[in-house]
Amino acid sequence: MNNQTPASAYDMAATEEAEQTATFALLVDNEPGVLHRVVGLFAARGYNIESLTVAETDRKAHTSRITVVTRGTRHVLDQIEAQLNKVVNVRRVHDVTRDPNGVERELALVKVRGQGVDRVEALRIAEIFRAKPVDTTLESFVFEISGAPSKIDKFLDLMRPLGLVELSRTGVLSIERGVEGM
Amino acid sequence: MTAHQTIESKAPPQTDDRTMTGAEIVVRGLVDQGVEVLFGYPGGAVLPIYDALFHEPRLQHILVRHEQGATHAAEGYARSSGKPGVVLVTSGPGATNAITGIMDALMDSIPMVVITGQVPTHLIGTDAFQEADTVGMTRSCTKHNYLVKDVRDLPQIIHEAFKIATTGRPGPVLIDIPKDVQFAKGEYRGPGEVASTHAYAPRTKGDQNRIAEAARMIAQARRPIFYTGGGIINAGPKASQSLREFAALTGAPVTSTLMGLGAFPAADPAWLGMLGMHGTFEANNAMHDCDVMVCIGARFDDRVTGRLDAFSPGSKKIHIDIDASSINKNVRVDLPIIGDAGSVLDDLIAAWKAGGHEANKAALTDWWAQIDAWRARRCLAYRPSETVIKPQYAIERLYELTKGKDVYITTEVGQHQMWAAQFFRFEEPNRWMTSGGAGTMGYGLPAALGVQLAHPGSLVVDIAGEASIQMCIQELSTAIQFDLPVKIFILNNEWMGMVRQWQQLLHGERYSHSYSDSLPDFVKLAEAYGAHGIRCDDPAQLDAKILEMINSDKPVIFDCRVEKTENCLPMIPSGKAHNEMIMGDVEDIGNVIDAAGRGLV
Ligand SMILES: Cc1ncc(C[n+]2csc(CCOP(=O)(O)OP(=O)(O)O)c2C)c(N)n1
Ligand SMILES: [Mg+2]
């Protein structure tokens, strides 16, 4: 790619550091426009959003929780965290990926179409993954599966040759193990 | 004064009744926040607030001629006084016209509160007349913004807006108020009576262990340098005093960004001049060769660092900043300290004394000898002329003839701005107002009006270019209306000089659309507005004419005809390091920058 050393701030992206995935949990004020502030920050600074979930979590305290999965070098991820902390409506930012007590879960609905041995195989694998059939026709299943995002990826890899036709994922949710709240 | 303003204002109703309209809440809130001046322009969606202003003698409203002017005037007011600048404009085009100045204030961390009118709540989203999604459009160019949907939220939002604008890293905060909310009645609450719902709480006190470590590092340094920025100005005049005290204790040289000029006195022997793209040879070389860099309230901007991988390669870097996101953004530092520049400097002084530190005198002697060798290069020298006015000479004379006077300088953007930064010498903070981060042509004249309002008896000069000044020239009318005798000192080179210089350096001397054609007669233009016009093209007459400008009690346009194709040097070309500057005596300027450098801005 670029074998020259960076010549200015404009070449920062060309630095050779490895990219990694990070999950940030944000506690935000539950107000109109807050999601836009967060998403807009990513868009304006050229950061990637790989998944995003939002919902109100405490009506009385007026808070929502946003979980955002992003990719970047360690340096970029630190910058994202610092920028998120600057948004007035963001009350707390937690880097779940770096927290050994962080738990990440996702839910997916997976439609698989097939007949004969493929259909039997799909059902058998679903059992191994504890995926629950929530709809069945004579030639299809809809499975509900939850777990770590990597587990869902694995499941999808196995379903693809068996007739995966449609997929809907919630995006990552996260929480910290232990007694303390965010 | 116009007839309108001489109409006797009625005193505000002094009753205990705290129930009032949203518009009255706004006005009362501004008064309680200590606002004395606001810059604005009326329109349908803010008329209730204008109505409330009519009865409020404690607020002076400055009617600008374009909303961009209001924002820059507020910036000049804020930057020169330390108080927040306040802007009031209408919805739609009023708000969009203000956006350039709002972005400018964000880039340069200027405290500003902008109040915009909005169409009534029930019309939002219907493409109503003069409706614009103001909060949507300004989200990325404000520190924070609000759409007020309920008059009951208004008192808290107003007070909170001032808090957010003025604390932490300062910046612009916008409040968008629909017209029905301005009419609705609600209960007023004062600054002490509202509770913030946000978690906003900037950290101002630095980590004491890190401060002690910083003091140790600076004491052990053999080639230390202070690289200071606008954060010190924002931290208040006391921070500049502390910088002077700490620099003296350490014996280290001091350089500054464009935004930080004046925090450290130019007359001090430890002053190296500005650093960066058009900084001095000694400042940039000292930055490159230092072993401990103390960055205070600056942000390693690309105009300052030049080529990043060659930026001060051998130094340990201490970075003091109130904004955690400035740390490690462009340049990795060894010791970050998050806090207010003034507070951390005071703690550093205390830590230095408590630790019994002493500067390394022998090492510093060598360091200063090296610096003196760089100084001997006389990087700002230029070829003088007896027939044409050199732009550098014009600034030098302006400086000499205003020296010792109570003077404030604003600038437009271009070569003249850089020459002003190089040749005008500042001894005190808050005396220098320029558009740094955004580089907004048109900033200087309205900013000068804001400065003059904050400092009525002082001399305020906008050092301008003939192209930039035309971007907000309409504000001369504001100057006349409000008796603001600002001086517009145009270095008229008939070119967008900075663009021409880049085209010469980078684009094979193809001067595409950078000639300032069809210029107005600036003297007649001044007279048309009711100001005083002066023209000078003779170096021998320059002093007398500058004195004529200073002694005029009117606003003045000074059309100073200067050398047309002078380049602003020295310069770190894009893609080069601090120790690879082009100097004033370069032979072939068109070939200094390589292909990679041409791609950069
Ligand atoms: C609003 C805006 N538009 C364009 C530019 C790009 N620009 C930077 S300097 C400059 C030329 C300024 O010319 P002039 O005011 O005559 O100043 P000089 O460089 O000749 O001193 C231009 C066009 C800018 N900084 N701001
Ligand atoms: Mg010019």
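Residues numbered from 1 in each chain as written. Chains lettered and ligands numbered in written order. Predicted model: local features only at pLDDT ≥ 70, side-chain atom pairs only at ≥ 80, totals over all residues. Heavy atoms only, no water.

**A short note on the site of ligand 1**
All names here are of chain B. For clarity, the threshold we go by: We call a residue near a molecule or strand as soon as one heavy atom of that residue lies within 4 Å of the molecule or strand. Polar contacts here mean pairs of N or O atoms no more than 3.5 Å apart (in protein, one a potential hydrogen donor and the other a potential acceptor; neighbouring residues in sequence count only if both atoms are side-chain atoms). Method for areas: the Shrake-Rupley scheme with a 1.4 Å probe, in which residue coverage is limited to the protein chains shown. Going along the chain from the N terminus, every DSSP run of H or I of four or more residues is numbered as a helix, and every run of E of two or more is numbered as a strand.
Contacts to ligand 1 come from 17 residues, most closely from Gln415, His416, Gly439, Ser468 and Gly497. Between ligand 1 and Gln415, the relevant distance is 2.8 Å, taken from an oxygen atom to a main-chain nitrogen or oxygen of the residue. Here Glu466 contributes a side-chain N or O atom positioned 3.0 Å from an oxygen atom of ligand 1. With the chains in place, 76% of the 590 Å² that ligand 1 exposes on its own is no longer accessible. Mapped by element, the contributors of at least two residues to the shell around ligand 1 are helix H17 (415-423) and helix H20 (497-506). A total of 3 residues in the shell around ligand 1 trace back to one element, the largest contributor, which is H20.

**Things to note about H17(B)**
Applicable threshold: In this scheme, a residue with accessible area under 20% of its type's maximum is buried, one over 50% is exposed, and one in between is partly exposed, where area comes from a 1.4 Å probe on protein chains only.
Burial within H17(B) is extensive, with 9 of its 9 residues counted as buried. Listing the buried residues of H17(B) in full gives B:Gln415, B:His416, B:Gln417, B:Met418, B:Trp419, B:Ala420, B:Ala421, B:Gln422 and B:Phe423.

**Remarks on the domain arrangement of chain A**
Residues and elements named next belong to chain A. Counted only if it meets this: Each domain's extent was defined by an automatic or database domain assignment. The contact criterion used throughout is that any non-hydrogen atoms of two residues lie within 4.5 Å. For any pair of parts, buried area is found by adding up, for both, the accessible area (1.4 Å probe) each one loses once the two are put together. In the sections that follow, a salt bridge refers to a side-chain nitrogen of Lys or Arg positioned within 4 Å of a carboxyl oxygen of Asp or Glu. We call Asp, Glu, Lys and Arg charged. Ala, Val, Leu, Ile, Met, Phe, Trp, Tyr, Cys and Pro are nonpolar, and the rest, Gly among them, are polar.
What the domain assignment lists for chain A is domain 1 (18-98) and domain 2 (102-175). Using only C-alpha atoms to locate each centre, domain 1 and domain 2 end up separated by 28 Å. Listed by partner, the interface residues are 10 residues for domain 1 and 9 residues for domain 2. Taking both sides of the interface into account, the surface hidden between domain 1 and domain 2 amounts to around 640 Å²; carbon and sulfur atoms contribute 52%. Counting the surface domain 1 buries against domain 2, the share from its top three residues, Thr53, Arg65 and Val96, is 54%. Seen at the junction of domain 1 and domain 2, the total is 0 salt bridges. Our count for the contact surface shared by domain 1 and domain 2 stands at 4 residue pairs in polar contact (both at pLDDT 80 or more). Of the residues that constitute the side of domain 1 that touches domain 2, the class distribution is 4 nonpolar, 5 polar and 1 charged.

**Some words on the interface of chain A and chain B**
Across the boundary between the two partners, chain A contributes 22 residues, which contact 27 residues of chain B. Taken together, the two surfaces of chain A and chain B that pack against each other cover about 2,200 Å², and 54% of this comes from carbon and sulfur. Where chain A touches chain B, the interface holds 2 salt bridges. A salt bridge links B:Arg332 to A:Glu17; the shortest N-O distance between them is 3.4 Å. One can count 11 residue pairs in polar contact (both at pLDDT 80 or more) joining chain A with chain B. Elements with a contribution of two residues or more to the side of chain A that touches chain B: helix H1 (34-44) and helix H2 (74-86) of chain A. Ranked by residues supplied to the side of chain A that touches chain B, first place goes to H2(A) with 5 residues. Its residues placed into classes, the side of chain A that touches chain B shows 7 nonpolar, 8 polar and 7 charged.

**Thoughts on the coordination of the magnesium ion (ligand 2)**
Residue and element names in this part refer to chain B. Heads up, the rule is: Metal donors: N, O and S atoms at distances within 2.8 Å, or within 3.2 Å for Na, K and Ca, with water omitted from the atom set so that some sites may seem incomplete. Under the classification used here, a metal with four donors is tetrahedral if each angle lies between 85 and 135 degrees, square planar if opposite donors are over 155 degrees apart and the others between 65 and 115, a six-donor metal meeting that same test is octahedral, and anything else is irregular.
The coordination sphere of the magnesium ion (ligand 2), as far as protein atoms go, consists of Glu466 (OE), Glu466 (OE), Asn493 (OD1) and Trp495 (O), spread over 2.1 to 2.7 Å. For the magnesium ion (ligand 2), the 6 donor atoms in the first shell make angles of 52 to 173° at the metal, so the coordination geometry reads as irregular. Mapping the donors of the magnesium ion (ligand 2) onto the primary sequence yields the spacing E-x26-N-x1-W. Of the two residues, Glu466 sits in the loop between strand E17 (459-465) and helix H19 (475-481) while Trp495 sits in the loop between strand E18 (487-492) and H20, which places them 29 residues apart along the sequence.

**Let's talk about the pattern of salt bridges**
Side chains that differ in sign of charge can pair as their charged atoms come close. Residue and element names in this part refer to chain A. If you walk through the whole model with that rule in mind, you get 40 salt bridges over all chains. The salt bridge partner of Asp78 is Arg98, with a shortest N-O separation of 2.9 Å. Of the two residues, Asp78 sits in helix H2 while Arg98 sits in the loop between strand E4 (90-95) and strand E5 (102-113), which places them 20 residues apart along the sequence. Taking the shortest distance from any N to any O, the salt bridge between Glu144 and Lys132 comes out at 3.9 Å. Taken together, the positions of Glu144 in strand E7 (residues 140-147) and Lys132 in strand E6 (residues 132-137) put the pair 12 residues apart, joining distant regions of the chain. Among the residues examined, Glu144 registers a relative accessible area of 26% and is labelled partly exposed. Each of Arg74, Asp78, Asp95 and Arg98 takes part in salt bridges that share partners, so that together they form one network.

**A look at the packing of helix H2 (residues 22-32) of chain B against helix H7 (residues 154-166) of chain B**
Residues and elements named next belong to chain B. Note the cut-off: Axis lines are fitted to C-alpha atoms, over the contacting stretch for helices. Their N-to-C directions set the angle, which ranges from 0 to 180 degrees. By convention the crossing between two helices is left-handed if the near helix lies anticlockwise of the far one by an angle smaller than a right angle, and right-handed if it lies clockwise.
Packing of H2 against H7 brings their axes to within 10 Å, and their N-to-C directions diverge by 30°. Pair H2 / H7 crosses with right-handed handedness. Taking contact as the criterion, the partners of Gly22, Ile25, Val26, Gly29, Leu30 and Asp32 in H2 are, on H7, Leu154, Pro155, Ile158, His159 and Phe162. Partitioning the contact of H2 with H7 into residue classes produces 7 nonpolar, 3 polar and 1 charged.

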